[in-house]
Amino acid sequence: MKPWIRRAKEFLDHSLGKVPQEVNELDWKETLSPKNDKLCQHICAFANLPGGGFLVFGIEDKTALPKGINQNEAAIIVEKLASLCRDGVTPLVVIDHSVEEYSGISLLFVHIKESAVKPVHLASKTIEDSYIRSGGTTRKASRPEIGGLMLNSKTPVFEELHASKLKNEVEVMTVLDYATIYKLLKKPVPSNADEILYWMRDEKMVVDVDNAGYYITNFGALASAHNLNDFDGLSRKSIRVVKYEGRNKSAGSKEYPGSKGYAIGFEGLIEFVKSLLPGSEIIKHALREETSVYPEIALREIIANALIHQDFTIRGSGPMIEIFEDRIEISNPGRLLPTKKIDRLIRTSPESRNEILASAFRRYNICEERGSGFEKSVRAIELYGLPPLKFLETENSFKVIVYSPKKFAEMSVQERIEACYQHSVIQYFGNDGMTNTSLRQRFGMHDKQASQISRLIRDAIDEGRIKSKDPDSESKKFTIYLPYWA
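Predicted model, so just to flag it, every value in this text is computed and none were measured. (Residues numbered from 1 in each chain as written. Predicted model: local features only at pLDDT ≥ 70, side-chain atom pairs only at ≥ 80, totals over all residues. Heavy atoms only, no water.)

Draft legend 1. Region of the structure containing the packing of aromatic side chains. Enumeration according to the criterion identifies 14 aromatic pairs in this entry. On the numbers, 6.2 Å between centres and 40° between planes, the contact of F11 with F54 is tilted. Of the two residues, F11 sits in helix α1 (residues 5-15) while F54 sits in strand β2 (residues 53-57), which places them 43 residues apart along the sequence. F54 carries the same exposure label as F11, and that label is buried. Measuring from ring centre to ring centre gives 5.6 Å for Y428 and W485, while their planes differ by 90°; the resulting arrangement is edge-to-face. Pair noted here: Y428 is in helix α13 (residues 413-431) and W485 is in the segment after β20 (481-483), with a separation of 57 residues, a long-range link. When the ring centre of F408 is taken as origin, the NZ or CZ atom of R416, which lies over that ring, is 4.2 Å away. Looking at R465, its charged tip hangs above the ring of Y421, at a distance of 4.1 Å from the centre. (Phe/Tyr/Trp six-rings, centres within 6.5 Å; stacked < 30°, edge-to-face > 60°. Helix = DSSP H or I, 4+ residues; strand = E, 2+ residues; numbered from the N terminus. Buried < 20%, exposed > 50% of the residue type's maximum accessible area, 1.4 Å probe, protein only. Lys NZ or Arg CZ within 6 Å of the ring centre and 35° of its normal.)

Below you can see the structure in the form of structure tokens.
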């Protein structure tokens, strides 16, 4: 039994009691009215009602007694209502249906789901032609009531919009790689197609139009499409990887455009990027092993961040990974959210421009939503002895640059100060604060070089990047330093 059936039957019991009465949540009829305008008004009214409403067919109009309905009649009614939900009202309304036994007689129950976007109105008219349920009947909404509906309307987000035309279940299951998503969730793939499609609806990958087919959502395509080029509006959102020969773009380059959905292609993307990066040999367990000069955990977190936080409303551009001889630049369309600042990105409170995508990546074990991605990246970069991460915000994009290894002497003054600041943030959240010793260890320097670190700390204080936890302390060796904002 569908979960809404029990609720519909309770409303029907109430309506068909000793004294039949009309209720806002349900309207029963003997058969389908030939008047399309009247039907569209009912659809609007129930779609504007909190929780939606129900139409029940197979009950005599005059006696209010269950008469019954056959499968052929039910199919005709559902097809007509589904057509009106697509073409007769705006925005599109989703319905569900089921033929159920009631008092031993088969009735057709139709669930008209509440629309997130309100008011729902007649397609050929303006929002002035919106309808609501009142006193068990359908009537035109007044202007104040239309205003109330608008206040309770949810603005559709990019991930929920339709990426495809109406498709049947075979087409949906052909273009989306649902099996890999199940694998990421560590769940077995159901053998029943209906169960898979029901899960896809819950996952917000598809929107079903009762008895007509399915729309694939932008999220469904972005997460699991075999080929994003199959979706006109998303082809430019594929991940581009560009490998340059030198340290700037004037040298030769080779581009590797991606085509898979982000979630199903993420592991392959990481492995491919690693294959393009320079490596170094290390001795491990008496054997030589090749390892990347860049920490994989940092690459994973930064690339995932670029995918999740991009601004999909910027047309003609998508996430990009550019590999140079001495660095990797990972960029995405869209500036930082207004609540975010570049120097407060490490251990920032989680906030996503694309909440559905961010939540899915967390559940698929691709990244975390706790705002610790950059913190983990900086810790890994310090462990590998790399220069600090560089965050850049342009007019319509955000970029993170990861540099290849540099010795302390090779770093610029600004790089050293930024590394000092980022280390102070990491230490503040993990070990109460930074010290001369911890910063010296971050740069892999000897005890005899403590004076150089002391000068760097003074420079960072003068730049306003860090501060002493106890300004009155006379011992500099054991002084604890905090980020300027702590």
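Draft legend 2. Representation of the environment of V402. Assignment of secondary structure puts V402 in strand β18 (residues 397-403). Separated by 13 residues in the primary sequence, V402 and L389 place their C-alpha atoms 5.5 Å from one another. Setting aside residues up to four positions removed in sequence, V402 forms contacts with Y294, I302, R327, I328, I381, L386 and L389. (Contact = heavy atoms within 4.5 Å.)

Draft legend 3. Structural view of the sheet that holds strand β1 (residues 26-29). An order of β1-β2-β5-β4 is seen for the four strands of this open sheet, with the pairing classed as mixed. Whereas interior strands pair on both sides, the edge strands pair on one side only; in this sheet they are β1 and β4 (95-102). Mean inter-strand twist for the sheet, computed between neighbouring axes without regard to direction, equals 20°. Alignment of β2 against strand β5 (residues 105-112), held across five bridges, turns out to be antiparallel. For F54, the partnering residue across the bridge sits in β5 and is H111. The strands touched by α1 within the sheet are β1, β2, β4 and β5, with β4 carrying the most contacts at an inclination of about 60°. The strands touched by helix α2 (residues 36-47) within the sheet are β1, β2 and β5, with β1 carrying the most contacts at an inclination of about 155°. (Pairing = 2+ DSSP bridges. Axes fitted to C-alpha atoms, helices over the stretch in contact; angles between N-to-C directions.)

Draft legend 4. Just helix α10 (residues 296-308), in detail. An ideal rise of 1.5 Å per residue puts 18 Å on 13 residues; α10 measures up with 18 Å between its terminal C-alpha atoms. Judged by how many residues are buried, α10 sits mostly within the fold: 11 of 13 residues are covered. Buried residues of α10: A298, L299, R300, E301, I302, I303, A304, N305, A306, L307 and I308, and no others. On its buried side, α10 packs onto α9 (262-276), β15 (320-323), β16 (327-333), α11 (355-363), α12 (373-383) and β18. (Expected span 1.5 Å × (residues − 1).)

Draft legend 5. The pattern of salt bridges, seen in detail. Applying the stated criterion across every chain, the model contains 31 salt bridges. Between E267 and R300 there is a salt bridge, and its shortest N-O distance comes to 2.6 Å. In this pair, E267 sits in helix α9 while R300 sits in helix α10, placing the two residues 33 residues apart along the sequence. Note on R300: relative accessible area 16%, which makes it buried. Among the ionic pairs, E301 bridges to K376, the shortest N-O distance being 3.2 Å. Remark: K376 occurs in helix α12 and E301 occurs in helix α10; sequence separation between them is 75 residues. When salt bridges with common partners are traced through the structure, they connect E267, E271, K274, E296 and R300 into a single cluster. (Salt bridge = Lys/Arg side-chain N within 4 Å of Asp/Glu carboxyl O.)

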